[in-house]
Structures are given as structure tokens and as C-alpha cells.
Amino acid sequence: MTEAIVPHVPVLIIGGGQAGLSVSWYLMRAGIEHIVLERHRRFESWRNNRWDTFCLVTPNWQCRLPEWSYNGPDPDGFMLRQEIVDYLDGFAESFDPPLREGVDVTHVSPRENGGYCIETTVGNMTADQVVIATGGYDNPIVPPYAADLDPSIVQMHSRDYRRPSQLPDGGTLIVGTGQSGVQIMDDFHLEGRPVHLAVGPAPRSPRMYRGRDATNWLYDAGTYAVTIDRHPDPLKALTQTNHYMSGRDGGKEIDLRKYALEGVQLYGSVAGASGTTMAFLPDLEKNLDDADKSYLGIRKQIDAWISAQGLDVPQEPPFEKVWRPEQEITEVDLSGAGISSIIWAIGFRPDYSWLKVDCLDERGKPIFRRGVTDAPGLYFIGLGWLNTWGSGRFLGIDEDSRYLAEQIVARQKNRLAA
Ligand SMILES: Cc1cc2nc3c(=O)[nH]c(=O)nc-3n(C[C@H](O)[C@H](O)[C@H](O)COP(=O)(O)OP(=O)(O)OC[C@H]3O[C@@H](n4cnc5c(N)ncnc54)[C@H](O)[C@@H]3O)c2cc1C
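Note that the coordinates shown come from a computational prediction; the quantities given were computed from them, not determined experimentally.

Structural notes on unusual backbone geometry
Inference 1: Its identity as a non-glycine residue notwithstanding, glutamate 67 has a phi of 45°, on the positive side.
Inference 2: In this structure, glutamate 67 sits in the loop between strand S3 (64-65) and strand S4 (68-69).
Inference 3: Despite not being glycine, aspartate 96 shows a phi value in the positive range, around 50°.
Inference 4: For aspartate 96, the location among the structural elements is in the loop between helix H3 (81-95) and strand S5 (99-101).

Here is the structure:
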């Protein structure tokens, strides 16, 4: 028999990933009674929604959960999927959070006398305060025209991708050059499988530069400490795809021009599809140039920091474009080009359809300041740029959850005092 849910908790945290459990850590320390509800198992996204060769793109030293910083032998390395899960399991075991797994929260709405009414798959409850830590990766995005593709072309979203052998023999077209797209492309390429890549507008980053990982330089230069309300271009920060690079084989830069020289067929962004025909925008050259501009911009930023500090570190050779497209391909017959499968790596949309509280904008995006919404006692955590670059990643979650826990504790104390 399923155990009934508690009828009331002072604080409910929805989502048992790194964000939800970091808030739980701070609430435990403050002695605030709460519960974490997780629809699958803790750290489900890392456990089950990543491919076999997945490794972090950010270096291990950035894994800094509350009093649980990475302390393995390779701080400058990039943990593999199972190592990430082990690191996270160790964190959860370090404080034994009040986590209930296998419980889906299906409805949250305001309660008449304050607080919230919650419906779950194991019963209803109420809470004075609610933290939404459900991540930003609920609904895989697939364009509507994907439905018009011939059924002989196997289609998959990056979330379901595990290994090249899942896909039929022949060429695979990967759509999207965010971090997932380029890493999955690399996975196919390293296996010697024919791979085609639709290159979108994502920026890219150097990996090792002037003797250190670019992220180490940027950290020292204070880039990751910039908050969204002090960011010189907040709209760009909020809408831009992540810079692509890889943590594979100890970390490597991804220059798509080099992959083109090695046989990866590049196209511009996908414009539409029907039957076995795929249409592309003539923007390949522009997208490669723009990615290089962001890459060179980061190099310049690091150079400026190095010279301001007067550091004596090695120079790098100037960047060279090793390849450029001779023509823009705007239409391809997939069967004719030997392409038997497509992987959509164009991102995700969060799903707040269960949230019946006035805290979302007209596009369904949460409105908050540092995760605190205008709805009394309702918070978000774990979203990109909630406060800083690191907010949707390992790096910023400790600071964000500490701040949020402080707000929660203050509100709970005020309630008790009233
Ligand atoms: C492909 C990929 C690569 C990434 N690589 C890096 C990296 O290299 N470095 C880095 O720092 N970050 C990386 N990230 C970003 C980030 O660290 C992860 O997305 C991380 O999983 C976010 O943790 P979270 O707790 O916010 O969300 P999640 O891990 O997504 O946790 C949310 C949890 O909420 C649960 N849930 C959702 N809805 C409900 C509901 N209604 N009821 C109950 N439970 C619910 C889900 O089952 C899930 O377990 C990557 C993300 C992706 C997608």
C-alpha cells in the first residue's frame, strides 16, 4: 500500500535534483521542517537523461554543493555520468534529507488563508511555502514539421540518446549545436559513423587557453560573479544558448571547421522538412563566424585579465579559420544523402502546467528576483541566470540555495511570531 502524504508541511520542495536538495540542506541546518517530493528518483536527470559517454563540460572543481565540494583526485577534470551520480548520492547521504521519491506534484494553487494547496499522485496536502526545483528540462523541443518527415527516417530527441548503436546504420543528422548537439556529433564521429550537423547560432568557448582552462581564467576574472541585474546585456545572457566545448578525454575545444575537414557534413540551421527533404537556411558561414567571434571575445577577455594582473604566462598562436563552406546547402534529400536518422538537439521547455499561481509571464516563464516571486512564500531555484551564470549549474547552486533558505527561514519565523 502506498504511504499517505503528510497533510501539511511548513515548506514543500518540488524536485529532488541538486537544486532541491541544496535548499533542503540549508533548511535542515536551520531546523525548518520540510519535505522534498521527487517524481522519479533523486538526481534523475543525471542518472537517466544523459548519454553513455556523457561527462561534465564544467570542470570538477565547480561542483560545490553545500559543504560537499568535489574532493576527488582530478579537480580540473570532467566527471563521467556515473561519477557525477556518485558525487551527488554522496551529498544526499551526507545529510539524509526528508525526500519522498516516486511522487509527482500535479497541482499547486494558492490557499485562501495563505500558503498553498498541493495535489500529488499519492494525495493532497498544504504547505506554507513552496520551492519549485523542477529544473528547466521537462519538455524536449521538436519542431512541428518533424511530423511531416517520412517514417523511414528514425527520429529521436537528445534526451533519449544513449549511444550511436541505437540509430540505424547510415548517416545521422544532428540538429543543433548547443552543448548536447556538438557532443553527440563528436560521439558519432569518434565511432567512425557518418555524421551530418545542422549548425545553429550557438556561441563557442576556448577550452585550454594560455596554460589554463578558460573557465578558470573567467572565474578568477570575476565573470561568474556577475549577477543578472548587473549584467551589461541581460537579454542576451537570458536568451543565448550555452557556449559549446567539451569535457571529453580530459577536455577539448570544439572547432566545427576542423570537424568539417575530418568529414563531418555541416549545414546551416534547419528551416523545414517534408517527406525525405530537409531545408536549411543559408546561414552556415555566418553561424561559424559568429561562434568564432564569441570564442575570440573570450580569448580577448582572458588576455586583458592576464595583462591587468601582469602575469607571465605563455602566448597562444593566433586563431586561424581552417575551413570555410564553399557553398550554402539549402536543401537535402535525406535518402539520397544516405541519412537514415535525425537527432533533435534543440533544447527543452520547462512545464509549469500544474502551477496555478500568478507568477508566470505571458510566455509561461517564471517571474522572480533571485528566485523569490511576488506570490508570498513561492520560490524557484536551479534556473539559468536565476542570479548568476552558475545558477543553473553546479557552480552557483550553493549560493542561490543559501540565499533562498534565508528568505524561507525569515518568512517562517515571521509567521510563527504573528
Ligand atoms: C545535457 C546537459 C548537460 C549539462 N552539463 C552541465 C555541466 O557540465 N555542468 C553544470 O554545472 N551543469 C550542467 N548542466 C545543467 C545542470 O547542472 C543540470 O541540468 C542539473 O540537472 C540541474 O539540476 P536541478 O536540480 O536544477 O534540476 P534537475 O536535475 O532537472 O532536477 C529536477 C527534478 O525535479 C523532478 N520533477 C520535475 N517535475 C516534478 C514534479 N511535478 N513533481 C515532482 N518532481 C518533479 C525531476 O524528476 C527531477 O529529478 C547540464 C544540463 C544538461 C541538460
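Continuing now.
Regarding H3
Inference 1: With 15 residues, H3 should reach 21 Å at 1.5 Å per residue; the first-to-last C-alpha distance of 22 Å fits that figure.
Inference 2: All of the buried residues along H3 are Ile84, Val85, Tyr87, Leu88, Asp89, Gly90, Phe91, Ala92 and Phe95.
Inference 3: In the core, the buried residues of H3 are packed alongside helix H1 (18-30), helix H2 (44-48), S3, S4 and helix H9 (394-417).
Inference 4: After H3 finishes, the residue aspartate 96 shows a positive phi value of roughly 50°.

Some details on the side chain of glutamine 183
Inference 1: Structurally, glutamine 183 can be placed in helix H4 (residues 179-190).
Inference 2: A polar atom in the side chain of glutamine 183 sits 3.0 Å from the backbone oxygen of glutamine 179.
Inference 3: If we ignore the near neighbours within four places in the chain, the residues touching glutamine 183 are Trp51, Cys55, Val57, Met245 and Ser246.

Re a negative patch on the surface
Inference 1: A cluster of like negative charges, contributed by Asp74, Asp76, Glu83 and Asp86, occupies part of the molecular surface.
Inference 2: Considering the arrangement of structural elements, one finds aspartate 74 in the loop between S4 and H3.
Inference 3: Overall, aspartate 74 belongs to the partly exposed group, its relative accessible area being 40%.

Let's talk about the site of the ligand
Inference 1: Close to the ligand lie 30 residues, the nearest being Glu38, Ser45, Val57, Thr58 and Phe394.
Inference 2: With respect to the ligand, the side chain of serine 45 contributes an N or O atom lying 2.8 Å from an oxygen atom.
Inference 3: Considered on its own, the ligand offers 980 Å² of accessible surface; in the complex 94% of this is hidden by protein.
Inference 4: Looking at the shell around the ligand, the elements that each hand over two or more residues are H1, strand S2 (34-38) and H2.
Inference 5: Broken down by element, the residue count for the shell around the ligand peaks at three residues, all from H2.
Inference 6: Residue composition of the shell around the ligand, by class: twelve nonpolar, twelve polar and six charged.

With respect to the domain arrangement of the protein chain
When the parts come together, some accessible area is lost, and that loss is often what is quoted as the size of the interface.
Inference 1: Assigned domains within the protein chain: domain 1 (8-138 + 350-417) and domain 2 (140-344).
Inference 2: Computed over C-alpha atoms, the centres of domain 1 and domain 2 are 29 Å apart.
Inference 3: Residue-level contacts link 25 residues of domain 1 with 30 residues of domain 2.
Inference 4: By the criterion of area lost to domain 2, the three top residues of domain 1 are Trp51, Val57 and Trp385, representing 32% of everything that side buries.
Inference 5: The tally of links from domain 1 across to domain 2 stands at two salt bridges.
Inference 6: Of the charged contacts, one joins aspartate 229 and arginine 369 as a salt bridge, the two residues approaching to 2.5 Å between their closest N and O atoms.
Inference 7: Connecting domain 1 to domain 2 are 13 residue pairs in polar contact (both at pLDDT 80 or more).
Inference 8: Each residue belonging to the side of domain 1 that touches domain 2 can be placed in one class, and the counts come to twelve nonpolar, six polar and seven charged.

Re the sheet that holds strand S16 (residues 270-274)
In any sheet, the strands associate via hydrogen bonds between backbone groups, in a parallel or an antiparallel arrangement.
Inference 1: Sheet architecture is open: three strands sit in the order S16-S17-S18, paired in antiparallel fashion. Each edge of the sheet is formed by a strand with only one pairing partner; in this case those strands are S16 and strand S18 (331-333). For this sheet, the mean inter-axis angle between neighbouring strands, taken without regard to orientation, is 20°.
Inference 2: When S16 meets strand S17 (residues 277-280), the two strands line up antiparallel, connected through four bridges. Within S17, the position partnered with glycine 272 by the bridge is alanine 279.

Focus: the pattern of salt bridges
Where charged atoms from two side chains of opposite charge approach closely, those side chains can pair.
Inference 1: Tallying each qualifying case throughout the model produces 24 salt bridges.
Inference 2: Arginine 39 is the partner of aspartate 138 in a salt bridge, and the nearest nitrogen-oxygen pair spans 4.0 Å. Note that aspartate 138 is positioned in the loop between strand S8 (123-132) and strand S9 (139-140) and arginine 39 in the loop between S2 and H2, a separation of 99 residues in sequence.
Inference 3: On the accessibility criterion, aspartate 138 (16% relative accessible area) is buried.
Inference 4: Owing to a relative accessible area of 39%, arginine 39 belongs among the partly exposed residues under this scheme.
Inference 5: Arginine 42 is the salt-bridge partner of aspartate 89, the closest N and O atoms lying 3.0 Å from each other.

Some thoughts on the packing of aromatic side chains
Inference 1: Per the stated rule, a full pass over the model turns up 17 aromatic pairs.
Inference 2: Ring centres of tyrosine 137 and phenylalanine 348 lie 5.2 Å apart, and the angle between their planes is 85°; on these two criteria the pair is classed as edge-to-face. Taken together, the positions of tyrosine 137 in the loop between S8 and S9 and phenylalanine 348 in strand S20 (residues 348-349) put the pair 211 residues apart, joining distant regions of the chain.
Inference 3: Its relative accessible area of 51% is what places tyrosine 137 among the exposed residues.
Inference 4: Where tyrosine 352 meets phenylalanine 380, the ring centres are 5.4 Å apart and the plane angle is 80°; that geometry is what we call edge-to-face.

Some remarks on the pairing of strand S19 (residues 339-344)
Inference 1: Among the six residues that make up S19, six are buried, leaving the element largely enclosed by the rest of the structure.
Inference 2: Both strand S10 (residues 154-157) and S19 contribute to a ladder of four bridges, which runs parallel. Considered in S19, the bridge of glutamine 155 is made with isoleucine 342.

Section: the packing of H1 against H9
Helix packing geometry: the angle between the two helix axes and the distance between the axes.
Inference 1: For the pair H1 and H9, interaxial distance at closest approach is 8 Å and the crossing angle is 45°. With respect to H9, the element H1 is oriented oblique. H9 is crossed by H1, and the crossing has right-handed handedness. Contacts from Gln18, Ala19, Ser22, Val23, Tyr26, Leu27 and Ala30 in H1 reach Phe394, Ile397, Asp398, Ser401, Arg402, Ala405, Ile408 and Val409 in H9.
Inference 2: Looking at the contact of H1 with H9 residue by residue, the classes come out as ten nonpolar, three polar and two charged.

Reading the values: rules and limits
Residues numbered from 1 in each chain as written. Predicted model: local features only at pLDDT ≥ 70, side-chain atom pairs only at ≥ 80, totals over all residues. Heavy atoms only, no water. Helix = DSSP H or I, 4+ residues; strand = E, 2+ residues; numbered from the N terminus. Expected span 1.5 Å × (residues − 1). Buried < 20%, exposed > 50% of the residue type's maximum accessible area, 1.4 Å probe, protein only. Contact = heavy atoms within 4.5 Å. Polar contact = N/O pair within 3.5 Å; in protein donor to acceptor, adjacent residues only side chain to side chain. Patch = residues over 30% accessible without salt bridge, like charges linked within 9 Å, V, L, I, M, F, W, Y side chains within 5 Å. Areas by Shrake-Rupley, 256 points an atom, 1.4 Å probe, with all protein chains shown as cover. Salt bridge = Lys/Arg side-chain N within 4 Å of Asp/Glu carboxyl O. Lys, Arg positive; Asp, Glu negative; His and termini not counted. Charge placed at Lys NZ, Arg CZ, Asp CG, Glu CD. Near = heavy atom within 4 Å. Nonpolar A, V, L, I, M, F, W, Y, C, P; charged D, E, K, R; others polar. Domains from an automatic or database assignment. Buried area = accessible area lost by both parts, 1.4 Å probe. Pairing = 2+ DSSP bridges. Axes fitted to C-alpha atoms, helices over the stretch in contact; angles between N-to-C directions. Phe/Tyr/Trp six-rings, centres within 6.5 Å; stacked < 30°, edge-to-face > 60°. Parallel < 35°, antiparallel > 145°, perpendicular 65-115°, else oblique. Left-handed = near helix turned anticlockwise from the far one by under 90°.

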